[in-house]
Amino acid sequence: MNRTTKELWAKQDQHEGDRHRLFSSLGNTLDATKVLYPGSYVDIAPSFVFDSVTYLDIDHRARKFFADVDGVREIVATHDGPPEPSITFVHADYTDDLGLPNAHFDLLVSLYAGFVSEHCTRHLRVGGTLLVNPSHGDVAMASIDPRYALSGVITVGNGEYSVDADDLDNHLIPKKPQVVTADTVRQAGRGVAYTMSPFAYLFTRVS
């Protein structure tokens, strides 16, 4: 493992094991094998859990990180995950044509990366899951997308993540009455303030 790879991962994993615990909670809940992670930067944690992950980022540091194939696999090998995970990195802007297959992935990850759902849902199969946190407005965008239905929320306590599918009607209620449209969300560039605030949401692609 080269020095750059080690330093980038150490900075990403400064809350040691946090992302591993997040993706482990998903792995214990979802029937997912193939994952697409736009805006991943160097967050390799999904490969600690899932068999096949395609990472996607425009950042040149992410490109250098994933170019150290042996170093990345060394990081993954320190965790008790899939024995030979498939790891692919695409150096691109997710708003562009990525050349990836449509309706192929089981899990689409949108964490702190903008409107991933708006541009990448075509790559998620019907019945697949979108993991999205409230940052940058993508939860609001998914909540009004007819292709999606809310199927769970992720809460965190004492550093442990849990998936909850109960009382979902109590979620996605804005604190202040407002009309949420794709245009208003894009213009705001941030999430809607809801009466309940879990760490992240799960939406199932229904059409």
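Residues numbered from 1 in each chain as written. Predicted model: local features only at pLDDT ≥ 70, side-chain atom pairs only at ≥ 80, totals over all residues. Heavy atoms only, no water.

Participant: Tell me about the packing of helix α3 (residues 60-67) against helix α4 (residues 69-77), residues and numbers included.
Facilitator: Running from amino to carboxyl end, α3 crosses α4 at an angle of 80°, the nearest separation of the two axes being 5 Å. The pairing of α3 with α4 is recorded here as roughly perpendicular in orientation. Residues Phe 65, Phe 66 and Ala 67 of α3 lie in contact with α4, whose contacting residues are Val 69, Val 72 and Ile 75. Counted by class, the contact of α3 with α4 contains 6 nonpolar, no polar and no charged residues. (Axes fitted to C-alpha atoms, helices over the stretch in contact; angles between N-to-C directions. Helix = DSSP H or I, 4+ residues; strand = E, 2+ residues; numbered from the N terminus. Parallel < 35°, antiparallel > 145°, perpendicular 65-115°, else oblique. Contact = heavy atoms within 4.5 Å. Nonpolar A, V, L, I, M, F, W, Y, C, P; charged D, E, K, R; others polar.)

Participant: For the sheet that holds strand β2 (residues 52-57), give the residues involved together with the corresponding values.
Facilitator: Two modes of strand pairing occur in sheets, parallel and antiparallel, and in both the strands are linked by backbone hydrogen bonds. The sheet built from 8 strands is open, its strands ordered β3-β2-β1-β4-β5-β8-β6-β7 with mixed pairing. Single-partner strands in this sheet number two, and they are β3 (86-91) and β7 (160-164). Going across the sheet, the axis of each strand differs from the next one's by a mean of 20°, ignoring polarity. The pairing of strand β6 (residues 148-157) with β7 spans 5 bridges and is antiparallel. (Pairing = 2+ DSSP bridges.)

Participant: Run through the packing of aromatic side chains, naming residues and quoting values.
Facilitator: For the structure on display, the rule yields 10 aromatic pairs. Centre to centre, the rings of Tyr 148 and Phe 203 are 6.2 Å apart; their planes meet at 65°, and the pair counts as edge-to-face. Taken together, the residues span a long stretch of sequence, with Tyr 148 in strand β6 and Phe 203 in strand β8 (residues 200-205) at a distance of 55 residues. Note on accessibility: Tyr 148 and Phe 203 belong to one class, buried. A centroid spacing of 5.3 Å and a plane angle of 65° characterise the contact between Tyr 161 and Phe 199, whose relative ring orientation is edge-to-face. Highlighted residues: Tyr 161 in strand β7 and Phe 199 in the loop between α7 (182-188) and β8, separated in sequence by 38 residues. Among the aromatic side chains, those forming a connected cluster through ring pairs are Phe 23, Tyr 37, Tyr 55, Phe 65, Phe 66 and Phe 89. (Phe/Tyr/Trp six-rings, centres within 6.5 Å; stacked < 30°, edge-to-face > 60°. Buried < 20%, exposed > 50% of the residue type's maximum accessible area, 1.4 Å probe, protein only.)

Participant: How would you summarise the environment of Phe 65 if you had to cite specific residues and measurements?
Facilitator: Secondary-structure assignment places Phe 65 in helix α3. In this structure the C-alpha to C-alpha distance between Phe 65 and Lys 6, which are 59 residues apart in sequence, comes to 8.8 Å. Setting aside its immediate chain neighbours within four residues, Phe 65 contacts Thr 5, Leu 8, Trp 9, Val 42, Ile 44, Val 72 and Ile 75.

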